[in-house]
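# Overview (structure and organization)
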Amino acid sequence: MIQKIAKNIPMPKVDLKAKPYNLSDEDIKWVKDTIAGMSDEEKIGQLFINLFFFGEDKFSGNNFTNKELLEKYHIGGARYQGGTSEQVQDLINSLQKDTKIPLLVAANCDAGGNGAMNDGTYVAAAAMCEASGDEQVSFDAGYVSGREEHAIGVNWNFDPCVDILKNWRNTIVNTRAYGTNADTVIKHTNSYIKGLTESNIGVCIKHWPGDGTEERDQHLVMGVNELSVEEWEESFGKVYRNHIENGVHSIMAGHIALPEYQKALVPELEDKDILPATLAPELLNGLLKGKFGFNGLILTDASHMLGMTASMKREEYVPQAIAAGCDMFLFFNNIDEDYNFMLNGYKNGIITEERLQDALERILGFKATLGLHKAQEDGSILRTREDLQVVGCDDHIERAKQAADKGITLVKNTLDQLPIRPETHKRIRLYFLEGEVGGIYEANDKTLNFIVKELERRGFEVTVNDGNTRVKGPTLKYREEVDAALVFADIVGYGAENNYRIRWKTAMSNEVPWYVHEVPTVFVSLNFTTHLTDVPMVKTYINAYKDSEITIKAVIDKIMGESDFKGTPNENVWCGKWDTRL
């Protein structure tokens, strides 16, 4: 049942002459005239962002051609999953050719162009930017993201993540958060956005009203930011006020509740009435658009996530998201069903005429801010193969190398076991730890094979451990055969469990670091920064932040003593435990 207690919160109207739009009278006329010329069906279509797949549609099983989808459902935005730069460019060009109104096309580039295409350039995850302490690294991540997105036709970036990693157990934004306090997050996200917008890419920050305080995953449950009003204002509120003042284009609402603030805004609310921000008018119209004065566009996070679906029937929450103050709805489930849920919500008055008009003005106003209407008219909205020369270019690769050099972090080396070199530790026992199997970001042999190849190229003799057994063998023989142990953890994922930890291949597997006092042992985390909670016995621990080839090469350089470790860890790496420091 739709929550009605906060329904009557005033809805601030958009001002297209003010930031972040700053539109001319001519542009505003295009917005108004375009909306006036739409049918109801076209207006409803503009509210949706469709997800395109290369191959199987993993969410909805829809079997429309792209042209049929545009003609029948009139979508306002698009995002896609997978694909090389050429494939994605072809997809976006075809969509922009066939659409009546130019599309907002988004990608998730939080660390470089790799978020937009399989062959894009990874520069630095947010956690690596923080560890580097260098705003240039954050700028470079945004700069490369924008340049490579522009080359394929993307015009909207669903990043940076402006969450604050207060809880070390939170793995959802573990490497996506730029810091553990507001000032650090502001410093690095400002720099990232400065780099991104050099390519005229629309900016979206996330996840309102803030992730990082708890350990659960909004893909699986409704998130809850439990901070008091005062605590939230001094942290997340400070971050959002900064970006709103700077003119951020759009904000993604997370499926995250803020109960203390919600009850302060609407005292009648009880626990049973609390909804995630995507469905809560007090957080969207009351706080974000009202008290904070945000004049831009709000979109939902992905609508298949349980943080949203657990609130009410889909038939209710599809139109309720727009009625509550979101302007765009991210992803269809079943396209025909969702479209009609939204259309019926409008016909039945859940979405008022005033609310629909305001949402459409924000959507088309954003498109005009990016100049999409003019680019469609003169053909410059389409990209060419020549544009792709920037993808993975020498300049971008050099920025990635600099980021790795500055960010890779030696968290501890309490037994002074570095460097590890072929001259002194030739025989390496390599342990490779993987994450979920069958997930969107599952580990694979490609990373393992590259690590082996790179170590052998440096002159090491490498034996890959079989972790599918408990048998360790005689310890004295192990010391005779092994000069050093290297452990690479390539654990990453979301949506399958609330908190990603090391999962050993079998019970009491021989890969569990029983060998740390037998031979020098170096543990490298290629993704999450808080694995010390599971391996506190390891005496040499490195955070590398990404399993890219550039990062792996830089890590091995540093393990060998070819370059210094320059990154600085935050307090979360110790996982709130004393033994992790030993």
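Residues numbered from 1 in each chain as written. Predicted model: local features only at pLDDT ≥ 70, side-chain atom pairs only at ≥ 80, totals over all residues. Heavy atoms only, no water.

For the structure shown, the criterion picks out 19 aromatic pairs. With 5.7 Å between their ring centres and 45° between their planes, Trp-232 and Phe-292 make a pair best called tilted. In this pair, Trp-232 sits in helix α8 (residues 229–234) while Phe-292 sits in the loop between α11 (281–291) and β9 (297–300), placing the two residues 60 residues apart along the sequence. We classify Phe-292 as buried; its relative accessible area is 8%. With 6.2 Å between their ring centres and 25° between their planes, Tyr-478 and Tyr-515 make a pair best called stacked. Of this pair, Tyr-478 sits in helix α19 (residues 475–481) while Tyr-515 sits in the loop between β14 (484–490) and β15 (521–525), and the two are 37 residues apart along the sequence. Taken together, the ring pairs in this structure connect Phe-48, Tyr-73, Phe-329, Phe-332 and Tyr-339 into an aromatic cluster. One cation-aromatic arrangement involves Arg-241 over Phe-292; the distance from NZ or CZ to the ring centre is 3.9 Å. The ring of Phe-565 carries Lys-558 above its face, with NZ or CZ at 6.0 Å from the centroid. (Phe/Tyr/Trp six-rings, centres within 6.5 Å; stacked < 30°, edge-to-face > 60°. Helix = DSSP H or I, 4+ residues; strand = E, 2+ residues; numbered from the N terminus. Buried < 20%, exposed > 50% of the residue type's maximum accessible area, 1.4 Å probe, protein only. Lys NZ or Arg CZ within 6 Å of the ring centre and 35° of its normal.)

For the rest of this paragraph, the subject is helix α13 (residues 314–324). Most of α13 sits inside the fold, with 8 of its 11 residues counted as buried. Among the residues of α13, Arg-314, Tyr-317, Val-318, Pro-319, Gln-320, Ala-321, Ile-322 and Ala-324 are the ones counted as buried. Gly-325, located one to two residues past α13, shows a positive phi value of around 130°.

The tally for this structure, following the rule as stated, stands at 39 salt bridges. Between Arg-503 and Glu-497 there is a salt bridge, with its nearest N and O atoms 2.8 Å apart. By sharing partners, the salt bridges in this structure join Lys-289, Asp-327, Arg-355, Asp-358 and Arg-362 into a single network. (Salt bridge = Lys/Arg side-chain N within 4 Å of Asp/Glu carboxyl O.)

What follows concerns unusual backbone geometry. Excluding glycine, residues mostly carry a negative phi; peptide bonds, for their part, are mostly trans. Of note, the amide linkage connecting Lys-19 to Pro-20 takes the cis form, showing an omega dihedral of 10°. Locating Pro-20 in the fold gives a position in the segment before α1 (25–36). Cis peptide bonds are those with omega within 30 degrees of zero, and the linkage from Leu-418 to Pro-419 qualifies with 5°. Mapped onto the fold, Pro-419 is located in the loop between β11 (409–413) and β12 (427–434). Residues other than glycine seldom take positive phi values, yet Asn-22 does so here, at roughly 55°. Along the chain, Asn-22 falls in the segment before α1. Take Asn-22: its relative accessible area is 52%, and that puts it in the exposed class.

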